[in-house]
Amino acid sequence: VNSGEDLPEEQVAFIEVPKFQPNKLRLDFNPNHGLETPGGQWLLDLIASIKNKHYSRGDFAFDILNNSRAECYRVWKFGITQSIFLGRKREVQTIYYGSPKSGQQIRQYNKLVEQQAKGKDPVNVNSWWRVELQLRTGKVKDYPELVKQMLADFYVPTYDQIDDLTTQAMIYRLTNDPDFWGCLATSTRTKYRKIFREMPRENDLALDMAQEFVNQFEHLENELQSIMNRFDIQADETATE
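Residues numbered from 1 in each chain as written. Predicted model: local features only at pLDDT ≥ 70, side-chain atom pairs only at ≥ 80, totals over all residues. Heavy atoms only, no water.

Caption draft 1: Local environment of the sheet that holds strand S9 (residues 154–157). The antiparallel open sheet is built from three strands, whose spatial order is S4-S9-S10. Each of the sheet's edge strands pairs with one partner strand only, and the pair in question is strand S4 (74–75) and strand S10 (201–202). Summarising the sheet, S4 and S9 pair through two bridges and their orientation is antiparallel. Bridge assignment links Arg74 to a residue of S9, and that residue is Tyr155. (Pairing = 2+ DSSP bridges. Helix = DSSP H or I, 4+ residues; strand = E, 2+ residues; numbered from the N terminus.)

Caption draft 2: Looking closely at the environment of Asp232. Note on placement: Asp232 falls in the segment after helix H6 (204–230). Note on Asp232: relative accessible area 54%, which makes it exposed. Sequence separation of Asp232 and Thr186 is 46 residues, and the distance between their C-alpha atoms is 52 Å. (Buried < 20%, exposed > 50% of the residue type's maximum accessible area, 1.4 Å probe, protein only.)

Caption draft 3: Structural context of the confidence of the model for the chain. Overall, the predicted model of the chain reaches an average pLDDT of 85, with 92% of residues at or above 70. Summarising per-element confidence for the chain, the mean pLDDT is lowest in strand S2 (residues 26–28) (83) and highest in S10 (94). Across residues 1–8, confidence stays below pLDDT 50; counting only partners more than four residues off in sequence or on other chains, it has 12 contacts. The low-confidence segment residues 235–241, where pLDDT is below 50, has 20 contacts with residues more than four positions distant or belonging to other chains. (pLDDT = per-residue confidence, 0-100. Contact = heavy atoms within 4.5 Å.)

Caption draft 4: Local environment of the packing of helix H3 (residues 143–151) against H6. Two elements in contact, H3 and H6, have axes whose closest approach is 9 Å; the angle formed by their N-to-C orientations is 170 degrees. Relative to H6, the element H3 is oriented roughly antiparallel. On H6, the residues touching Tyr143, Pro144, Val147, Lys148 and Leu151 of H3 are Ala206, Met209, Ala210, Phe213, Val214 and Phe217. (Axes fitted to C-alpha atoms, helices over the stretch in contact; angles between N-to-C directions. Parallel < 35°, antiparallel > 145°, perpendicular 65-115°, else oblique.)

Okay, here's the thing in structure tokens:
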């Protein structure tokens, strides 16, 4: 947002007029970041001038510090889109699970690499992954159960516990080369999807994240209500669209 010709540009929000809905305006912003700046004040003035405001999406982030296993976790839910971004050494840096316009999306990325690219070097941090959950469906009170459902598919397949070596090798290939799924016959894909759903897994990290969300939910709910009050959004408008 550029709040004036004499002020530097600063990004405090994403603003969009939805296609085929010229009478609506979509605003994505962090209510706890950037609003004290000139651009933030411009945004606040804009929000104050809008009538019939609705809360329609919440993004919740988990920071996983100094846990090398975090980079091995993936969302193993079939039938959703995935976008994978690799670094110069072809290491995974960012993964998007699901469409941004869908009811739910998970974003997983290497926060430490992002910080280092900005010239920052966090002290005593040798691993930093961030997992973000985007929720657009249901009501706020349903968020804990939705988060549990989303994180149920976030795990590391422990294929080494399977006795059959051929199956082990195939799972290793599918785990490390996701594009290989497209080379399989339909019946083979169906077979291995079933194996992935039933096979042993490491999911301690996902369970901890889900429990932490439940533990913090009352605080998050109160903070969300405070934000809605601040921007004059009625409580009965918290159901997402």
